[in-house]
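Spelled out from the first residue to the last, the chains are:
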Amino acid sequence: MSHITLAQKGLDDISAKKWDDAVSKLSTALQSSTNPAWLLARSKALVNLKRFDEALADAELAWHTAYDRNKRPLITEANYRRAVAYFRLGQYANADCCCIYAMRLVKGFPVNEKEDPALQWTDEKGFWTATLDDAKEEAKSDEINSQENGPLSGGQSAKPIPNAQEWRMASTLRMQILGSMQRTASDDESRKVTVTAKPEKRSLASVAKTEEKPVAAEKPAPAPAARPPVPSDTPMRLQDFQSNTSMSVSIFSKGVNKETLKTQFEPHAVKLDSLIYPSGEEKPFELDLWGEIDTEASKVSVTPNKVELTLVKKVPGKWAQLKGDGKANVPANPAPEAKTTTVPVTEPAAATASEKAPEASGPAHSYPSSSKSGPKNWDKLGDDGSDEEGDVNIFFKKLYKNATPEQQRAMMKSFTESNGTSLSTDWNDVKARKVETVPPEGVEAKKWG
């Protein structure tokens, strides 16, 4: 393949923004001919590869080869490419000078002027004095923008200015350069002028292919730690809340199909076929009940995370617990239905207190209360003659005193952690979890600061 064909392919790569391929092909072609157009194309590619010093060297060599061949438009482009390279190198004064050189060539000024035009914007210390406002005013008032192809005052058409597009490109670049320069200190080195209209002549640079940073072999992402399998005999997690007339039960089972779930209400049991257990196994579930329910009035609902039972009591009153104990149990005398109230959600005073099992002869236990008289002593409920809490607290007192130590522990933990919205006597159910605050329907849970 001839060097001319290879260079043309390199120029095609420039158009396609294949910078590395363009540099490779143009570098080979330039070994045969230092064509200024090829040098300028390689300078552009090198800028896009962030190889700014090499891009500047190509632009300056292109200036000389274009000058030797009397290619004025390519000298103009070489000055523009110098400006781009200097700008990316952070040498703002030099970059702006090169823009001015390019713009003056478009206007017809000599390539080698007797006096460097940059001197009029350089102070005695060598610092650049041109400003962004100067560049804006020039762009606004210059004839290339104000009279391009427009009618003259005598009715004649203005003569088009060759390479006007190159002038506008350099003018636009000036504004970017000077905008960056004005954000630097007045004595910053980037404001010093060291460039000349005729650059120093350089030899053709040997440009190697862009070094690719070694890519570290990607380590496979660590596999997520496998969760230990849940034993097949892990019980279903339950949460219950009761009123005088009903028992609300939440059975935490994810993914139950409500369309296929079969529910059978019996006087002292509820049978569900089937639920998904913590182990992932799907099988029937049976809940034996402490008291008797109205099988016709009770109902079931299914959500994505749980199955909820509303069990209507056959005989109104309080149940000692949710699950049956194999005996015929009779609810305690029903207390008058209380009006719906807001249950305040308070933080437990000490998280570990609920974990300790109360001892029969130990200190008194208390639980959160919104009562103006403060927390209640469970062991003294009903002993002070006060009926502020009504018959419900008398029931709680009897229930607590007649319970086994394990049931007392479950009552303390469930009542405290649920902020008074749940009461369970099943220690196996509540010992390994935090009992959630789940107020009954019609009651609103609020957090009190």
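Residues numbered from 1 in each chain as written. Predicted model: local features only at pLDDT ≥ 70, side-chain atom pairs only at ≥ 80, totals over all residues. Heavy atoms only, no water.

## Some words on the sheet that holds strand β1 (residues 237–242)
Part 1: Within the open sheet, the four strands sit side by side as β1-β2-β7-β6. Their pairing is antiparallel. A strand with exactly one partner marks an edge of an open sheet, and here the two such strands are β1 and β6 (299–302). Sheet twist, expressed as the average angle between the axes of neighbouring strands with direction ignored, equals 15 degrees.
Part 2: Two strands pair when backbone bridges link them, and strand β2 (residues 246–252) and strand β7 (residues 306–312) are joined in this way by seven bridges, in the antiparallel orientation. Its bridge partner being in β7, Val249 is matched across the sheet by Leu309. (Pairing = 2+ DSSP bridges. Helix = DSSP H or I, 4+ residues; strand = E, 2+ residues; numbered from the N terminus. Axes fitted to C-alpha atoms, helices over the stretch in contact; angles between N-to-C directions.)

## Brief notes about the pairing of β2
Part 1: The buried count for β2 comes to six of seven residues, which makes it a mostly enclosed element.
Part 2: Counting the residues in the hairpin turn of β1 and β2 gives three residues. (Buried < 20%, exposed > 50% of the residue type's maximum accessible area, 1.4 Å probe, protein only.)

## Thoughts on the pattern of salt bridges
Side-chain pairs of opposite charge can arise where the charged atoms are in close proximity.
Part 1: Applying the stated rule across the entire model yields 16 salt bridges.
Part 2: Note that Asp58 and Arg42 form a salt bridge whose closest N and O atoms lie 2.6 Å from each other. With Asp58 in helix α4 (residues 52–68) and Arg42 in helix α3 (residues 36–48), the pair connects residues that are 16 residues apart, well separated along the chain. As far as burial versus exposure is concerned, Asp58 and Arg42 are alike and both buried. (Salt bridge = Lys/Arg side-chain N within 4 Å of Asp/Glu carboxyl O.)

## Re the nonpolar core
Part 1: By size, the foremost hydrophobic cluster in this structure holds 58 residues, and its most contacted members are Ile14, Trp128, Leu173 and Ile177.
Part 2: It is helix α6 (residues 92–106) that provides the largest number of residues to this core, a total of eleven residues.
Part 3: Excluding anything up to four places from it in sequence, Ile177 contacts Phe87, Tyr92, Ala95, Asp96 and Cys99. (Core = buried A, V, L, I, M, F, W, Y, C linked by side-chain atoms within 4.5 Å. Contact = heavy atoms within 4.5 Å.)

## Overview of the state of the cysteines
Part 1: For the structure shown, the criterion picks out zero disulfides.
Part 2: With no disulfide of its own, Cys97 lies 6.8 Å from the sulfur of Cys98, the closest cysteine sulfur.
Part 3: Taking the relative accessible area as the measure of exposure, Cys97 reaches 0% and is therefore buried. (Disulfide = S-S within 2.5 Å.)

## Quick word on the confidence of the model for the protein chain
Part 1: Considering every residue of the protein chain, the mean pLDDT works out to 80; 76% of them sit at 70 or more.
Part 2: When the elements of the protein chain are averaged for pLDDT, strand β8 (residues 343–345) gives the smallest value, 41, and helix α5 (residues 72–88) the largest, 95.
Part 3: Low pLDDT, under 50, characterises residues 148–157; the stretch is placed with twelve contacts to residues that sit more than four places away or in other chains.
Part 4: Within the model, pLDDT remains below 50 along residues 381–389, and this stretch shows 14 contacts once partners closer than five positions in the same chain are excluded. (pLDDT = per-residue confidence, 0-100.)

## Some points on unusual backbone geometry
Part 1: A cis amide bond links Asp273 to the next residue, Ser274, at an omega of 5 degrees.
Part 2: Within the secondary structure layout, Ser274 lies in strand β4 (residues 269–276).

## Comments concerning the pairing of β4
Remember that side chains alternate between the two faces of the sheet whenever the strand is regular.
Part 1: The sheet contact formed by strand β3 (residues 262–266) and β4 spans five bridges and is antiparallel. Bridged to Lys262 within β4 is Asp273.
Part 2: Where β3 folds back on β4, the antiparallel hairpin that results is connected by two residues.
Part 3: The pairing of β4 with strand β5 (residues 282–288) spans six bridges and is antiparallel.

## Looking at the sheet that holds β4
Part 1: Across the sheet, which stays open at both edges, the three strands sit in the order β3-β4-β5 with antiparallel pairing between neighbours. Single-partner strands in this sheet number two, and they are β3 and β5. Averaged over all neighbouring strand pairs, the angle between strand axes comes to 20 degrees, with direction disregarded.

## Side note on the environment of Asp429
Part 1: Locating Asp429 in the fold gives a position in helix α12 (residues 427–430).
Part 2: C-alpha of Asp429 to C-alpha of Leu238: the two residues are 191 residues apart in sequence and 6.9 Å apart in space.
Part 3: Apart from residues lying up to four places away in sequence, Asp429 is in contact with Met236, Arg237, Leu238 and Ser424.
Part 4: From its side chain, Asp429 meets the backbone nitrogen of Leu238 in a polar contact 3.3 Å long. (Polar contact = N/O pair within 3.5 Å; in protein donor to acceptor, adjacent residues only side chain to side chain.)

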